[in-house]
Amino acid sequence: MSEKQRTLSDTAISILDLVPVLAGKTPADSFKSSLDLAQHAEDWGYTRYWLAEHHNMPGIASSATALLIGYIAGGTKSIRVGSGGIMLPNHAPLVVAEQFGTLETMYPGRIDLGLGRAPGTDHVTAMALRRDLHGAGEDFPSNLEELRSYFKPESGQRVRAVPGEGLDIPIWLLGSSTFSAQLAAILGLPFAFASHFAPTLLHKAIAIYRDNFQPSEQLKEPYVMVGINVVAADTDGEASRMATSLYMSFLNVIRGTARQMQPPVDSMDDKWDLSEMYAVQQMLLYSFIGSQETVKSELEKFIESTQVDEVMVTSHIYDHAARLHSYELLAGLVK
């Protein structure tokens, strides 16, 4: 990291889209909304647009992540599109290399491959995905190295990723703990921390990554991106009401219930008890909710304390027009 102190105005901003399925709507509606958001994000100057792999969740339609990346990339012109992330234990490394080699061949210079080592789902669904959970997650480093080997130029190897070999596809490591921070540092890869739902180890993970970073062919200096939640509106009150959809989504996670994204409500008092409210608030510690000025003030403090290179924003907002407006307000802070 350079000695120059980073500020909000010179911090890159990107979007993490979970492709939410709204109550009363279908995944087809979600796909159309995601493409519309990506097209607007490109016009507003966002750096990249990532999609996240989740399974067996009625409220999230991004299970076939590579397919959606192609859909978004095909409907945009310049914004980088990628995975935030592909859960590597769910897939054979060769298949991931072929998928992303295909995407990079179709949309050269625009594809990112973000990788995680969690299943992105529950235990039963993970079993359905992998069939065998033996060593799941524990062999992530070796699977990662196998995947990276498929992108190297052809040199007589018996198994080749076609397309894939010889392509320059940036690989990112994603995590919510210090494991991926340490591994990304050793390998000289960019690191993205999932502080939008797991904030506890954010500062420790960033410190470990920066302190142990080893330059590589892909990256000469450490590069940190962090996930945050943003709900911006014209007034603080409007944003606070819109944010109740975010709270209800995380309340479902805590309760282990599966529901589509719910419309906002006037009050959460009858939706959760005190312990549930506390649990949701802890998970959403790095959430920035309010008017443009309110979000700006809080984000500036966050950037000052973390000195991250990039923020990746996810916005659980029920109304599509309001979701677009939130991202437009945010984009106006860094121009």
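As a reminder, the structure under discussion sits directly above these lines.
Residues numbered from 1 in each chain as written. Predicted model: local features only at pLDDT ≥ 70, side-chain atom pairs only at ≥ 80, totals over all residues. Heavy atoms only, no water.

(A) Structural context of unusual backbone geometry. Of the consecutive residues G84 and G85, the connecting peptide bond is found in the cis state with omega at 5°. Structurally, G85 is set in strand β3 (residues 80–87). A cis geometry characterises the amide bond from V162 onward to P163, with omega recorded as -5°. In this model, V19 sits at a positive phi of 50°, which is unusual for a non-glycine residue. Relative to the elements of secondary structure, V19 occurs in the loop between β1 (12–17) and α1 (27–44). (Helix = DSSP H or I, 4+ residues; strand = E, 2+ residues; numbered from the N terminus.)

(B) Local environment of the side chain of T244. Inspection of the secondary structure puts T244 in helix α9 (residues 244–255). What makes T244 buried here is its relative accessible area of 5%. Ignoring anything within four residues of it in the chain, the contact list for T244 reads P264, V265 and M268. (Buried < 20%, exposed > 50% of the residue type's maximum accessible area, 1.4 Å probe, protein only. Contact = heavy atoms within 4.5 Å.)

(C) Geometry of the packing of aromatic side chains. Applying the stated criterion across every chain yields a total of nine aromatic pairs. Arranged with centres 5.9 Å apart and planes meeting at 80°, the rings of Y46 and Y327 form a pair that is edge-to-face. A residue pair is termed long-range when its members are at least 10 positions apart, and Y46 in the loop between α1 and β2 (48–51) and Y327 in helix α12 (residues 320–331) qualify at 281 residues. For Y327, a relative accessible area of 0% translates into the label buried. With 5.2 Å between their ring centres and 55° between their planes, Y286 and F302 make a pair best called tilted. In this pair, Y286 is assigned in the loop between α10 (274–283) and β8 (287–291) and F302 in helix α11 (residues 292–306), connecting sequence segments 16 residues apart. We classify Y286 as buried; its relative accessible area is 13%. A connected cluster of aromatic rings, assembled from ring pairs, spans F191, F193, Y209 and F213. (Phe/Tyr/Trp six-rings, centres within 6.5 Å; stacked < 30°, edge-to-face > 60°.)

(D) Region of interest: the side chain of T65. Inspection of the secondary structure puts T65 in helix α2 (residues 65–74). Of the residues examined, T65 reaches a relative accessible area of 2% and is grouped as buried. Residue contacts for T65: discarding those within four places in its chain leaves L51, A52, E53, S83 and I86.

(E) Structural view of the packing of helix α3 (residues 93–106) against helix α5 (residues 140–150). At a minimum axis distance of 9 Å, the contact between α3 and α5 shows a crossing angle of 40°. With respect to their mutual orientation, α3 and α5 come out oblique. Between α3 and α5 the crossing geometry is right-handed. Two secondary-structure elements touch here, α3 through P93, L94, V96 and A97 and α5 through N143, E146, L147 and Y150. Here the residues of the contact of α3 with α5 are counted per class, giving six nonpolar, one polar and one charged. (Axes fitted to C-alpha atoms, helices over the stretch in contact; angles between N-to-C directions. Parallel < 35°, antiparallel > 145°, perpendicular 65-115°, else oblique. Left-handed = near helix turned anticlockwise from the far one by under 90°. Nonpolar A, V, L, I, M, F, W, Y, C, P; charged D, E, K, R; others polar.)

(F) Just the nonpolar core, in detail. Residues Y46, F100, L113, V226, I228 and F302 are the most contacted members of the largest nonpolar core, which totals 75 residues. In terms of nonpolar packing, the next biggest core, distinct from the first, is built from ten residues, W50, A52, M225 and M312 among them. (Core = buried A, V, L, I, M, F, W, Y, C linked by side-chain atoms within 4.5 Å.)

(G) Broad picture of the pattern of salt bridges. Tallying each qualifying case throughout the model produces ten salt bridges. Between R80 and D112 there is a salt bridge, and its shortest N-O distance comes to 2.8 Å. In this pair, R80 sits in strand β3 while D112 sits in strand β4 (residues 111–116), placing the two residues 32 residues apart along the sequence. On the accessibility criterion, D112 (1% relative accessible area) is buried. A salt bridge links E298 to K301; the shortest N-O distance between them is 3.5 Å. Within this pair, E298 and its partner K301 are both found in helix α11, separated by three residues, close to a single helical turn. Overall, E298 belongs to the partly exposed group, its relative accessible area being 37%. (Salt bridge = Lys/Arg side-chain N within 4 Å of Asp/Glu carboxyl O.)

(H) Focus on the environment of R241. Within the element layout of this structure, R241 appears in helix α8 (residues 236–242). As a C-alpha pair, R241 and V265 span 24 residues in sequence and 6.4 Å in three-dimensional space. If we skip the residues at most four places from it in the chain, R241 touches P264, V265 and D266.

(I) The packing of α5 against helix α6 (residues 179–187), seen in detail. Relative orientation of the contacting elements α5 and α6 amounts to 40°, with a least axis distance of 12 Å. Between α5 and α6, the interaxial angle falls into the category oblique. Crossing geometry of α5 relative to α6 is assigned as right-handed. The residues of α6 that touch α5, namely those facing F140, P141, L144, E145 and R148, are F179, L183 and L187.

(J) Focus on the pairing of β8. The element β8 is extensively covered by neighbouring structure, given that four of its five residues are classed as buried. Here strand β7 (residues 224–233) runs beside β8; their pairing, made up of five bridges, is parallel. Note on β8: the bridge partner recorded for A233 is S291. (Pairing = 2+ DSSP bridges.)

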